[in-house]
Amino acid sequence: MDTAEIRRRFLAHFEAAGHTVVPSASLLADDPNLLFVPAGMVPFKPYFLGQETPPYLRATSVQKCVRTPDIEDVGKTTRHGTFFEMCGNFSFGDYFKDGAIELAWDLVTKPVADGGFGLEESRLYPSILEGDDEALSHWKRVTGLPDERILRLGKKENYWSMGVPGPGGPCSEILYDRGEGYGPAFDPATLGPDMPVPLEDRLLEIWNLVFMQDELSAVRSKEDFDIAGSLPKKNIDTGMGLERVAFLQQGKENMYEIDVMFPVIERAQELTGRRYGADPADDVRFRVVADHVRSSMMLISDGVTPGNDGRGYVLRRLLRRAVRSMRLLGCEDQVLPELMPVSRDKMGETYSELHRDWERISTVAFAEEDAFRTTLKAGTQIFDLATTEVKKSGGTQLSGDRAFALHDTYGFPIDLTLEMAAEQGLSVDEAGFRRLMGEQRDRAKADARAKKGAHANTAAYREVADNLGAPVEFTGYTEVVSDGAVRGLVSGGQAVSAARAGEEIEVVLDRTPFYAEGGGQLADTGVIELDNGARIEVRDVQSPIRGLVVHKAVVLDGEVTLGLGAHSLVDTERRRSISRSHTATHMVHKAFREALGETATQAGSENSPGRFRFDFSATGSVPMSVMADVEARVNDLVLADLEVHADYMSQAEAVKSGAMALFGEKYGDTVRVISVGDWARELCGGTHTDRSGQLGVVKLLGESSIGSGVRRVEALVGGDAYRFLAREHVIVNQLADALKARPEELPERVSSILEKLRAAEKEIEKIHLAQLLGASAELAGAATQVGPVKFVGHHAVGAGGGDVRQLALDIRGRLPQGEPGVVVVIGEADGKVAVVAATNELAQERGISAGDLVRLVGPLLGGKGGGKADVAQGGGTDTSRIGEALQLAEHEVGRHAVQG
């Protein structure tokens, strides 16, 4: 039974039992405390917590999940994987323990011919929380098993909570006995309260049934918590591991050998010439490859791109660990173009978007591998130099600042440094590294960490939401002035009843026209006038939990109390300006996709008054001609004055209509689609203009890279764009007056002036070069003997790129003809660095390449470079490490000299 069939049978079983089939949510968790969805119940949390009313009493899903704490254990055991699928059934105040037990047992034991899994009852062992006599009674009634076949386990194994006050309850597991070959013999009557570690592989947990019945007032640990009472409604949350059931059904040893995983290992075997099962160390690497290739593909599919923090860093680790594992298996060629399509073909049988979005997914993944291959080549040499120095000094630990330099300069993740150090028998000062990383993060992201209290305690907001009893009504699509009532006040993280003049306060109304920041659109500002004459200034608006709109404000005068009538007035000029920016973003997005292809999808945006920034996927810089075409296309459609309108439909209908859904955004069952004419159509919850003509004009200011595979365009809209163009016009006129030329003659006149300046600079350079070359003979005569190689490393103060090249070639020509010779000259002028390496034929025969030397030292100098084996050059900005770079180049020459 293949994995797709197991998934199909699970959903069909519960659909036949009255459950609504809910599609898998995105892997990107809609929760500030989670990077990814780690369990099947996460998308249903608002229902379990009572924050929202579920639209159904029974639901079932197969949820995509990623658990990142398991990364280090992947491959070392066969139980750990980062990506997995959780089959679940959920009851919201409907059936309870008896129903959950009956439904689960029926599916796992029902014959295959009748639509079940057909597992042998003799191998199945239910477990309960010791003392849960109700569950014990149900298990005995449903299964007919004797007492001794039902395991009693303690709270550590069989009690569930979220780790914080809230719902909790006992669990009941279905365990499958794989037999004596997987663990020691056991007596089920005496097993417990903890599951012995040696039995974890033998008694395999395949399904966990959680009976949510308790209200927890405090949670100190898995086994130490306080139960305040019973929940008003008892719920069911179950999770069956799809991969675990698959390897049992397919007669495999573990999840890595099932139909959706092992084909990647098979292709890896072909690429490496090694065999899975022949060597334990290689087996770990094969499993890492299989898991990480699949996980990274699924993350990219859901909109994650490689980066240096958060979700992007997890993805980068997965991709780079997969590539490095293949290198350790002996394959140094590009591997992701060979491996990822294999995973796509298997997972694409269920997730069709993998085929639909393959061009984008593969572009992101393959570009990251290319970047990492460059990183590995240069960084590994730096790492080898550092470890050699540690060992020579008799040390056993790589310092934190060295590890940080590898990360900061060469992009080496710390986990890679830890692995490589361990292979060399060294440890790493990880605490020192973390300290330096923390200092860097504090400097770079102080504002981002504090912004809007994104990770703040939401207890006060939940209290207000509970008292409100329904989501806040947003009226801002059709009005900017509305009436409502004060229904909640929050100050200092606590719900309060009043606030006075001068105090900062967070205000919740039952209905509001104020837009809460989201979807790239900045929040509205304005004023709220209260029935008692008090006035508050709204400075920001956020939605800290679903359905709640919080106005962050200061009381201008009077006193604010609960229950007062509120007259809300949005700053209309700011709203209109932001709406113009948002509509322009949609139009620019569509125009870029027309110009560059469907892979140019939005990766982020910020719509602010009069200007916007738009991030999108692209493998390289956007030509100026494309920028001009996009700008012209957008402004042509602004002039066309297209109608901008909103429609509401199901998400499936929206996608079918051609509407663009953005990665990382959360959409409900009913979505809002914004259309600019019949041209640009996107799912969007933001505010927009009524017609494209209201934008006036759109001016693209430029584009730049903000990360691997992501470009950023900044632009102005409306009056801001007009004022920018007017300033440019003034500057052109000023230049025309200064140069005594008409505006259309300016390019030719400026070109003529620049040509004369360049001619003068060349004369100056000739004089300077002659002075430099006067030292060539002396430098060649003082060459360092590195084994059989004559090496010259020189720091040329005041020398630019052209001078450095001439000097390096002149020195090489003066070295003895019958000996290998290498010259590295690093020039420093005007705060910039130029490096040139030159080698003769005898040095090249020993494997010494000028291009490799420049690529090696380039990152140390804050830049990069390259070239041929005989001559290569590069540049940089860090003048403080020139001496270190020359030392590194000499070390590399010495390494080749010894090998030669």
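Right above here is the structure, for reference.
So, on to the overall build of the protein. Helix and strand counts for the protein stand at 26 helices and 35 strands. By the burial criterion, 49% of the 900 residues in the protein qualify as buried. Expressed as a percentage of contacts within the protein between residues at least 6 apart in sequence, the contacts between residues at least 24 apart total 69%. When the accessible surface of the protein is totalled, it reaches about 39600 Å², and 48% of it is carbon and sulfur.

So, on to the sheet that holds strand β24 (residues 611-617). Ordered by their spatial adjacency, 4 strands build an open sheet running β23-β24-β29-β28, and the pairing between neighbours is antiparallel. Among the strands making up the open sheet, the edge pair consists of β23 (602-608) and β28 (698-707). Adjacent strand axes in the sheet meet at a mean angle of 15° when their direction is disregarded. Two strands pair when backbone bridges link them, and β23 and β24 are joined in this way by 6 bridges, in the antiparallel orientation. By the bridge assignment for β24, Q602 is matched with F616. This element, helix α20 (residues 719-739), spans β28 and β29 (710-717) of the sheet and lies at about 85° to β29.

Scanning the model with the defined rule gives 24 aromatic pairs in all. When the ring of F10 is compared with that of F14, the centres are 4.8 Å apart and the planes differ by 45°; the resulting orientation is tilted. Placement of both F10 and F14 in helix α1 (residues 3-16) is noted, with a separation of 4 residues, approximately one turn of the helix. A residue is classified by how much of its surface remains accessible, and F10, at 0% relative accessible area, is buried. Ring geometry for F44 and Y47: centres 6.4 Å apart, planes at 50°, overall tilted.

Now for the side chain of H688. Looking at where H688 falls in the secondary structure, it is placed in the loop between β27 (680-683) and β28. Of the polar contacts made by the side chain of H688, one reaches the side chain of T583; its length is 2.9 Å. Not counting residues within four places of it along the chain, the set of residues in contact with H688 comprises S579, H582, T583, H586, V644 and I674.

Bridging between strand β13 (residues 481-491) and strand β22 (residues 565-570) involves 5 bridges; their strand directions are antiparallel. Pairing of A485 across the sheet is with G565, part of β22. Sheet analysis places strand β18 (residues 526-530) next to β22, joined by 5 bridges and oriented antiparallel. The residue bridging G526 from the neighbouring strand is V570, located in β22.

This next bit is on the sheet that holds β27. Spatial strand order, β25-β26-β27: 3 strands in an open sheet with antiparallel pairing. Unpaired on one side and paired on the other, β25 (644-650) and β27 mark the two borders of the sheet. Neighbour to neighbour, the strand axes of the sheet diverge by 25° on average, direction disregarded. Alignment of β25 against strand β26 (residues 670-676), held across 7 bridges, turns out to be antiparallel. Its bridge partner being in β26, D647 is matched across the sheet by V673. Contacting β25, β26 and β27, helix α17 (residues 572-596) crosses the sheet at an angle of about 115° to β27.

The full count for this structure, using the stated rule, is 53 salt bridges. Notably, a salt bridge pairs R613 with E606, separated by 3.8 Å at the nearest N-O pair. By relative accessible area, E606 is classed as partly exposed at 25%. Overlapping salt bridges bring together E5, R8 and R9 as one network.

In this structure, I206, W207, M340, V822, V824 and I826 are the most contacted members of the largest nonpolar core, which totals 134 residues. Ranked by the residues each element gives to this core, the list is headed by helix α12 (residues 358-392), at 12 residues. What M340 contacts, discounting residues up to four positions off in sequence, is V293, S296, M297, L319, W358, I361 and A365. V486, V490, I505 and V538 belong to the second largest nonpolar core, which has 32 residues in total.

Further remarks concern helix α7 (residues 262-272). When α7 is considered as a whole, its buried residues turn out to be V264, I265, A268, Q269 and T272. Looking straight down α7, one finds its buried side chains confined to an arc of 145°; they lie on one side.

Following both chains from N to C, one finds α17 and helix α18 (residues 624-639) inclined at 130°, their axes separated by 9 Å at the closest point. It follows from the interaxial angle that α17 and α18 lie oblique. Between α17 and α18 lies a crossing of right-handed hand. Packed against α17, whose contacting residues are M587, V588, A591, F592, E594, A595 and L596, the element α18 presents V626, M627, V630, R633, V634, L637 and V638 at the interface. Considered class by class, the residues forming the contact of α17 with α18 number 12 nonpolar, no polar and 2 charged.

Bringing the environment of D483 into the picture now. The topology assignment puts D483 in strand β13. You can call D483 partly exposed: its relative accessible area is 46%. What D483 contacts, discounting residues up to four positions off in sequence, is R511, A566 and H567. Engagement of the side chain of D483 in a polar contact is seen with the side chain of H567, the distance being 2.6 Å.

Before going further, it helps to examine the pairing of strand β4 (residues 124-129). In terms of burial, β4 is largely enclosed, as 6 of its 6 residues are buried. On β4, burial covers both faces: L124, P126 and I128 on one face and Y125, S127 and L129 on the other are all buried. The pairing of β4 with strand β5 (residues 151-153) spans 3 bridges and is parallel. In the sheet register, L129 faces β5, and the bridge partner there is L153. For the crossover that starts at β4, traverses helix α4 (residues 133-143) and ends in the parallel β5, the hand is right-handed.

Thresholds applied
Residues numbered from 1 in each chain as written. Predicted model: local features only at pLDDT ≥ 70, side-chain atom pairs only at ≥ 80, totals over all residues. Heavy atoms only, no water. Helix = DSSP H or I, 4+ residues; strand = E, 2+ residues; numbered from the N terminus. Buried < 20%, exposed > 50% of the residue type's maximum accessible area, 1.4 Å probe, protein only. Contact = heavy atoms within 4.5 Å. Areas by Shrake-Rupley, 256 points an atom, 1.4 Å probe, with all protein chains shown as cover. Pairing = 2+ DSSP bridges. Axes fitted to C-alpha atoms, helices over the stretch in contact; angles between N-to-C directions. Phe/Tyr/Trp six-rings, centres within 6.5 Å; stacked < 30°, edge-to-face > 60°. Polar contact = N/O pair within 3.5 Å; in protein donor to acceptor, adjacent residues only side chain to side chain. Salt bridge = Lys/Arg side-chain N within 4 Å of Asp/Glu carboxyl O. Core = buried A, V, L, I, M, F, W, Y, C linked by side-chain atoms within 4.5 Å. Arc of directions from axis to C-beta. Parallel < 35°, antiparallel > 145°, perpendicular 65-115°, else oblique. Left-handed = near helix turned anticlockwise from the far one by under 90°. Nonpolar A, V, L, I, M, F, W, Y, C, P; charged D, E, K, R; others polar. Right-handed = clockwise from strand over helix to strand, strands pointing away.

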